[in-house]
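Here is how the chains run, residue by residue.
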Amino acid sequence: MTLKELQSSKRAHPYPVQSPGHERGTRSRSGIRRRSTILVTAVLVFITALVAFPMYWVLATAFKSPEQLYSGIAVLWPLPSHIENFVEALTRIPFLPYMLNSLFLATVNGVLTTLSSALVGYGFARLRGPGKGIFFGVLIAMMMMPGIVTLIPTYLLFSQVGLVGNYWPWVIWGLVGSPYLIFLYRQFFAGLPKELEEAAILDGCGQFRIFTRIFLPISKPIVVTAFVMSFLAVWGDFIAPNLLLDQSNTTLAVALSSGYVNERGFPLNNLIAAGSILYVIPVVLVFFFVQQRYTQSFSSAGIK
Amino acid sequence: MASTLSVARPVRRGSPLTKRRSRAFYLFISPWLIGTVLLTIFPLAYALGVSLTDWDGVSPGFRWVGAQNYLDVLGDPETWASMSRSAVLAVVVVPLTVAGSLGLAILLNQKVRLRSFWRTMIYLPAVFPPVASALSWKLVFDRDSGAINAVRAWFGQDAVNWMTGQQVFVVLLAVMLWGIGAGMIINLAALQDVSPELLEAATLDGAGPWRRFTAVTLPTISPVLLFQTVTSTIGVLQTFVPALLLSPTTGAAAVTAVPEANRIFMIDVYAQYFAYSRYGYASAMLWLFFLAILVVTVLFFRASRKTVFYSVDPSSDGGK
């Protein structure tokens with residue numbers, strides 16, 4: 001499915017079987033449909049409530065004072081609400097410096113991953129060379145490869161060449177690109193017509209120019225998706241910064257999971273909740289900003 | 001050979017243009033190629049080397065012990081316990097995720113009121129970072145301030161400490177199933193790929209909804225279902241972060257304090273490496289895990305040959 005089709009397929013499925021309640025039938029049949037629509041809605045309300053509840057609970061927890069937190073009764077919403085928890089979440093640990101670390105790593109890695117994946121994807125989609133089939137097979141196998149299996153030995157190697165405790169590993173990972181995004185680009189570039197580069201070749205353009213001047217600009221939706229996905233991957237990653245960085249220069253993900261404890265080491269749940277919300281807000285904003293594109297290319301990344 | 005071809009076609013194998021083009025190909029894929037060798041193949045080989053030693057990661061010296069680590073790993077009941085916990089997790093989570101996300105996709109592929117609202121809400125947790133998901137559920141299941149115990153209190157039941165004993169496995173399941181929306185989105189896209197003409201033809205042939213689903217929809221989306229089954233199995237088997245964050249302590253000690261019910265395989269590996277400094281032993285575990293994943297993947301693809309239907313041969317577009 002092309003991106004265009006995917007975008008238009010947001011509309012309801014044209015086939016009536018998939019859309020009960022919206023097709024005029026005989027009276028008894030539409031009665032059945034109305035009942036099934038009610039049933040479907042009921043199921044959806046139930047599932048959505050189940051899925052949304054933890055989000056609500058974190059939000060409610062973030063506004064509670066320690067007394068409200070441990071009052072022993074379930075309060076639906078804490079009154080008075082303690083907005084100052086958010087201020088304390090920002091100050092109890094060096095929240096903003098950690099956030100800047102996350103932001104820096106995610107941006108640097110995101111930009112590099114986006115560009116290098118595009119480069120490699122273009123190579124696989126539009127160029128030829130001996131061994132291409134084998135390399136492509138390896139690429140697909142890499143997508144299936146459990147990341148954590150290589151991460152620990154990579155950490156051991158990095159620690160021997162002085163790449164632990166600094167941000168270089170994220171630059172290196174960015175330069176290499178991600179198999180998944182390479183595949184995404186490859187699928188997109190392979191679907192474009194041959195005429196696109198033919199004139200440029202006749203004009204004597206090199207492949208690199210064709211890539212930067214023609215293919216990269218028209219793949220803007222994929223570029224955005226690739227950047228968002230790699231940015232969010234680093235923003236959310238816990239294992240790599242936990243292994244490779246120190247307390248002083250780690251990311252928000254790591255700091256958040258261990259920072260909010262009192263003097264005796266007990267977790268401060270209301271601050272954990274407030275901190276988590278502040279940590280997730282950028283993700284949710286990015287998600288709503290690029291939602292359509294993101295989910296669609298994510299889903300079409302294609303298995304085909 | 002070249003001369004006969006050159007008469008017919010000016011651009012032939014080995015011509016400057018072809019050479020230049022294949023040089024361009026290698027230049028373009030070189031970041032990934034070099035990266036794969038340095039960051040995947042080399043570390044794997046390194047881990048294989050380490051797995052044949054008794055290195056503790058600290059001392060400069062080590063001894064070659066051959067296959068001893070592998071024999072020790074396979075003879076250790078602890079390994080089998082952690083591996084079977086991972087297997088149980090996969091057996092519970094994978095079918096629920098694949099079938100559940102398909103069910104949700106079918107529901108949300110219909111015209112229902114507020115459809116995009118439901119879709120967004122169900123998908124949202126899937127974009128949450130793993131740390132946020134684990135911490136959220138930790139708050140929900142907290143012994144003193146959590147929602148679950150609060151509800152239990154309403155019904156006059158005692159507070160349960162969800163973070164210990166077997167209960168913590170329930171929390172881990174909740175964290176993992178919360179991301180079901182990711183599969184739902186993939187299935188939604190797949191469902192929209194199902195040919196309306198085929199469905200219509202089936203209706204005209206007298207097929208009911210169930211028959212249409214099994215005879216038309218299911219075969220069409222079967223590659224997508226296979227893809228999800230394989231990737232989510234691999235994903236679940238290497239679960240690490242949620243189990244670690246459900247540990248009662250944080251920091252370096254967390255991995256050894258993970259409650260037994262959540263000591264899944266990767267937690268075990270991590271503890272062997274960084275808590276007990278048994279680098280050789282842990283590397284052997286990692287390699288066995290790698291082989292196990294490989295076997296699982298191959299088995300899935302083998303088993304699926306007869307059940308998965310490809311409208312286009314997926315291997316044919318590799319060399320385009």
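What counts as what
Just so you know, the residues in each chain are numbered from 1, in the order the chain's sequence is written. Key to labels: chains lettered from A, ligands numbered from 1, both in the order written. Only residues with pLDDT of at least 70 get local features here, since the model is predicted, and only at 80 or more are side-chain atom pairs given and counted; chain-wide, interface and lining totals rely on the full set of residues. Note that the side-chain values use all heavy atoms of the structure and ignore hydrogens as well as water. Here the nonpolar core consists of buried residues drawn from Ala, Val, Leu, Ile, Met, Phe, Trp, Tyr and Cys, with membership extended through side-chain atoms lying within 4.5 Å. The buried label goes to any residue with under 20% of its type's maximum accessible area, the exposed label to any with over 50%, and the partly exposed label to all in between, with areas taken from a 1.4 Å probe on protein chains only. In this analysis, two residues are considered to be in contact whenever any of their non-hydrogen atoms come within 4.5 Å of each other. Labels follow the DSSP assignment, with helices taken as runs of H or I lasting at least four residues and strands as runs of E lasting at least two, numbered in each case from the N terminus. This arc is taken over the directions from the axis of the helix to the C-beta atoms. Stacked, tilted and edge-to-face are the three classes applied to pairs of Phe, Tyr and Trp rings, where Trp contributes its six-membered ring and a pair requires centres within 6.5 Å; stacked means planes under 30 degrees apart, edge-to-face means over 60, and tilted covers the rest. Two conditions define a charge sitting above a ring: the NZ of Lys or the CZ of Arg must be within 6 Å of the ring centre, and it must be within 35 degrees of the ring normal.

A. Highlighting the nonpolar core. By size, the foremost hydrophobic cluster in this structure holds 156 residues, and its most contacted members are A:Y279, B:L89, B:V131, B:M184, B:F240 and B:M266. If near-sequence neighbours (up to four positions away) are discounted, A:Y279 is found in contact with A:F95, A:W235, A:G236, A:L252, A:A253, A:L256, B:P129, B:V131 and B:A132. Counting 32 residues, the second largest nonpolar core, distinct from the first, contains A:Y185, A:F189, A:L216 and A:A226.

B. Examining helix α7 (residues 147-154) of chain B more closely. Residue and element names in this part refer to chain B. Buried residues of α7: A147, N149 and A150, and no others. When α7 is viewed along its axis, its buried side chains cluster within an angular range of 165 degrees and face the same direction. Downstream of α7 by one or two residues, G156 has phi in the positive range, about 75 degrees.

C. Examining unusual backbone geometry more closely. The omega torsion of the bond from A:L79 to A:P80 falls at -5 degrees, within 30 degrees of zero and hence cis. Tracing the backbone shows A:P80 in the loop between α3 (66-69) and α4 (84-92). For B:L114, which is not a glycine, the phi torsion comes out positive at approximately 60 degrees. Residue position: B:L114 is located in the loop between α4 (77-108) and α5 (115-127). Positive phi, close to 55 degrees, is recorded for B:S277, a residue that is not glycine. Tracing the backbone shows B:S277 in the loop between α14 (265-275) and α15 (279-304).

D. Summary view of the packing of aromatic side chains. Counted under the stated rule, the structure contains 46 aromatic pairs over all chains. A ring pair is formed by A:F136 and A:F183, whose centres lie 6.2 Å apart and whose planes are at 35 degrees; its orientation type is tilted. Here A:F136, found in helix α6 (residues 132-144), pairs with A:F183, found in helix α9 (residues 179-190); they are 47 residues apart in sequence, far enough to count as distant. Among the residues examined, A:F183 registers a relative accessible area of 7% and is labelled buried. Between the aromatic rings of B:W137 and B:W178, the centroid separation amounts to 5.6 Å while the plane-to-plane angle is 85 degrees, which identifies the pairing as edge-to-face. Highlighted residues: B:W137 in helix α6 (residues 130-140) and B:W178 in the loop between α8 (167-177) and α9 (181-191), separated in sequence by 41 residues. Three or more aromatic residues joined by ring pairs form one cluster here, namely A:Y122, A:Y185, A:F188, A:F189, A:F208, A:F211, A:F215 and B:F28. Just above the ring of B:Y281 sits the side chain of B:R278; from NZ or CZ to the centre is 4.0 Å.

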